[in-house]
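Breakdown of the fold
Here is how the chains run, residue by residue.
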2 protein chains.
Amino acid sequence: MSKVRPDAPVTAEPAMIDGIFRALADPTRRNVLERLSERPTSVSELAAKHAMALPSFVEHLKILESCGLVSSRKVGRVRTYSLAPDRLRLAEDWLGTQRRLWEGRLDRMDDYLLRLKMEENR
Amino acid sequence: MSKVRPDAPVTAEPAMIDGIFRALADPTRRNVLERLSERPTSVSELAAKHAMALPSFVEHLKILESCGLVSSRKVGRVRTYSLAPDRLRLAEDWLGTQRRLWEGRLDRMDDYLLRLKMEENR
DNA sequence: CAAATACTAAGGTGTTTACCTAAGTATTGC
DNA sequence: GCAATACTTAGGTAAACACCTTAGTATTTG
């Protein structure tokens, strides 16, 4: 069980989250992540499904690697990318925290409306 | 209920998700979302905490609204923004799906390693 | 060893982003 | 009514992005 999870007050984090969300904002890059969740894959195999010049595509891979969402190793002339799940969790944590916050807010609003109603009925 | 083909993105409405992740990629905008999860707030009150010219800040609000993460209403001269939780869920869903996929992948790898070990011990 | 393969580097282009200032337009308070 | 308030509009800039082409460099493979 390898888990990078310091007890973070996840709400507001550094520029790291910027980079992760930015990386996720592109469909090419999301597709790469989806495919890497199946298995590690070489640059050319990943690139084959994208109608784009290779250097352009490789740039996307570099972006994913630079924010830590994937890692790569070169063996011979082949570079293979794999998913690096820890970082995705950062983004998920932020969203989860947010959801909890707005759910809390909705609950408070419910309470408020309930109290209003009770006063009306009094 | 058609299942998507293995090499196709699992995600629906990619353009919408692009916009949402892009919106989340900026710390100013994330901070606005965090504050709106407390309560609806006017433009000037939101802007007060950001060292930025008002028109610049308002641009961030427009971005959040254009991708549906928040909504606004103007009453008199005051425009009030509030959180619109549905869309955040889209981003969360994508990440959740991804997590399930890579967890599946890790499980398969565990199985594989387990089988290897059992063969060794035979 | 030559040719094919798998990237990698370098540099160029048009668009989008994230800010700015200056000058509006409605509303509201006195 | 006049001034303060709360945005809005218009426009301008520098840097980042997402592509491209052309030309490399290592590594296999026949």
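The present account deals with the structure reproduced in this document. Counting starts from 1 at the beginning of each chain's written sequence and moves along it residue by residue. Written order decides the labels, with chains lettered from A and ligands numbered from 1. Where local features are concerned, this predicted model is filtered to residues with pLDDT of at least 70; where side-chain atom pairs are given and counted, the filter is 80 or more; whole-chain, interface and lining totals use all residues. Excluding hydrogens and water, the side-chain values take into account all heavy atoms of the structure.

As for the protein's contact with DNA strand C
Within the structure, DNA strand C sits among 19 residues, and Ser44, Lys74, Arg77 and Arg79 of chain A together with Ser56 of chain B are positioned closest to it. Interatomic distance of 2.8 Å between a side-chain N/O atom of Arg77 of chain A and a base oxygen of DNA strand C. Contact between DNA strand C and Arg79 of chain A: a phosphate oxygen at 2.7 Å from a main-chain N or O atom of the residue. We count a stretch as a helix when DSSP gives it H or I for four or more residues in a row; a strand needs E for two or more, and each element gets its number in order from the N terminus. For the surface near DNA strand C, the leading source of residues is helix 4 (residues 54-66) of chain B, giving 3 residues. Here a residue is near a molecule or strand as soon as one of its heavy atoms is found within 4 Å of it. Pairs of N or O atoms within 3.5 Å make up the polar contacts considered here, provided that, within protein, one atom can donate a hydrogen while the other can accept it, and that residues adjacent in sequence are counted only when both atoms are side-chain atoms.

Observations regarding the side chain of Ser37 of chain B
Residues and elements named next belong to chain B. Positionally, Ser37 belongs in the loop between helix 2 (27-36) and strand 1 (41-42). To sort residues, take the accessible area from a 1.4 Å probe on protein chains only and compare it with the maximum for the residue type: under 20% means buried, over 50% means exposed, and anything in between is partly exposed. For Ser37, a relative accessible area of 2% translates into the label buried. In terms of polar contacts, Ser37 uses its side chain to reach the backbone carbonyl oxygen of Glu34, at 2.6 Å.

Side note on the protein's contact with DNA strand D
Around DNA strand D, a shell composed of 21 residues is seen, among which Ser56 and His60 of chain A together with Ser44, Arg77 and Arg79 of chain B lie nearest. Between DNA strand D and Arg22 of chain A, the relevant distance is 3.3 Å, taken from a sugar or linking oxygen to a side-chain nitrogen or oxygen of the residue. Within the contact set of DNA strand D, a phosphate oxygen lies 2.7 Å away from a backbone nitrogen or oxygen of Arg79 of chain B. Broken down by secondary-structure element, the contributors of at least two residues to the surface near DNA strand D are helix 4 (54-66) of chain A together with helix 3 (43-48), helix 4 and strand 3 (78-83) of chain B. The element that contributes the greatest number of residues to the surface near DNA strand D is helix 4 of chain A, accounting for 4 residues. Here the surface near DNA strand D is built from residues that sort into 8 nonpolar, 5 polar and 8 charged. Residues are grouped as follows: Ala, Val, Leu, Ile, Met, Phe, Trp, Tyr, Cys and Pro are nonpolar; Asp, Glu, Lys and Arg are charged; every other residue, Gly included, is polar.

A few points about the sheet that holds strand 2 (residues 70-75) of chain A
Residue and element names in this part refer to chain A. Across the sheet, which stays open at both edges, the 3 strands sit in the order 1-3-2 with antiparallel pairing between neighbours. Looking along the sheet, the strands with just one partner apiece sit at the ends: strand 1 (41-42) and strand 2. In what follows, residue pairs with any heavy atoms lying within 4.5 Å of each other are defined as contacts. Lines are fitted to the C-alpha atoms to define the axes, a helix being fitted only along its stretch in contact, and any angle between axes, read from their N-to-C directions, falls within 0 to 180 degrees. Lying on the sheet, helix 2 (residues 27-36) is in contact with strand 1, strand 2 and strand 3 (78-83); it crosses strand 3 at an angle near 85 degrees. Along the sheet face, helix 4 touches strand 2 and strand 3 and points at about 120 degrees away from the line of strand 2. Whether two strands pair comes down to DSSP finding at least two bridges between them.

Here we look at the packing of helix 2 of chain A against helix 4 of chain A
Residue and element names in this part refer to chain A. Where helix 2 contacts helix 4, the two axes come as close as 10 Å, and the packing angle between them is 70 degrees. Here helix 2 is positioned roughly perpendicular relative to helix 4, judged by the angle of their axes. Taken as a pair, helix 2 and helix 4 cross one another with a handedness that is right-handed. Within the contact between the two elements, helix 2 uses Thr28, Arg29, Val32 and Leu33 and helix 4 uses Phe57, His60, Leu61, Ile63 and Leu64. Broken down by class, the residue content of the contact of helix 2 with helix 4 amounts to 6 nonpolar, 2 polar and 1 charged. The scheme is simple: roughly parallel for angles under 35 degrees, roughly antiparallel for over 145, roughly perpendicular for 65 to 115, oblique for anything else. Rotating anticlockwise by less than a right angle from the far helix to the near helix defines a left-handed crossing, while the corresponding clockwise rotation defines a right-handed one.

Comments concerning the pattern of salt bridges
Residues and elements named next belong to chain A. Salt bridges are identified by distance alone: a Lys or Arg side-chain nitrogen within 4 Å of an Asp or Glu carboxyl oxygen. Scanning the model with the defined rule gives 4 salt bridges over all chains in all. In this structure, the salt-bridge partner of Arg39 is Glu45, at a minimum N-O distance of 2.5 Å. Overall, the relative accessible area of 34% leaves Glu45 in the partly exposed class.

Notes on the pairing of strand 2 (residues 70-75) of chain B
Residue and element names in this part refer to chain B. Summarising the sheet, strand 2 and strand 3 pair through 6 bridges and their orientation is antiparallel. Within strand 3, the residue paired with Val75 across the bridge is Val78. Counting the residues in the hairpin turn of strand 2 and strand 3 gives 2 residues, including Gly76, whose phi is positive at 65 degrees.

Examining the environment of Glu65 of chain A
Residue and element names in this part refer to chain A. Mapped onto the elements of the fold, Glu65 is located in helix 4. Linking Glu65 and Tyr81, residues 16 residues apart in sequence, is a C-alpha distance of 8.8 Å. The residues contacting Glu65, other than those within four sequence positions of it, are Val70, Ser71, Ser72 and Tyr81.

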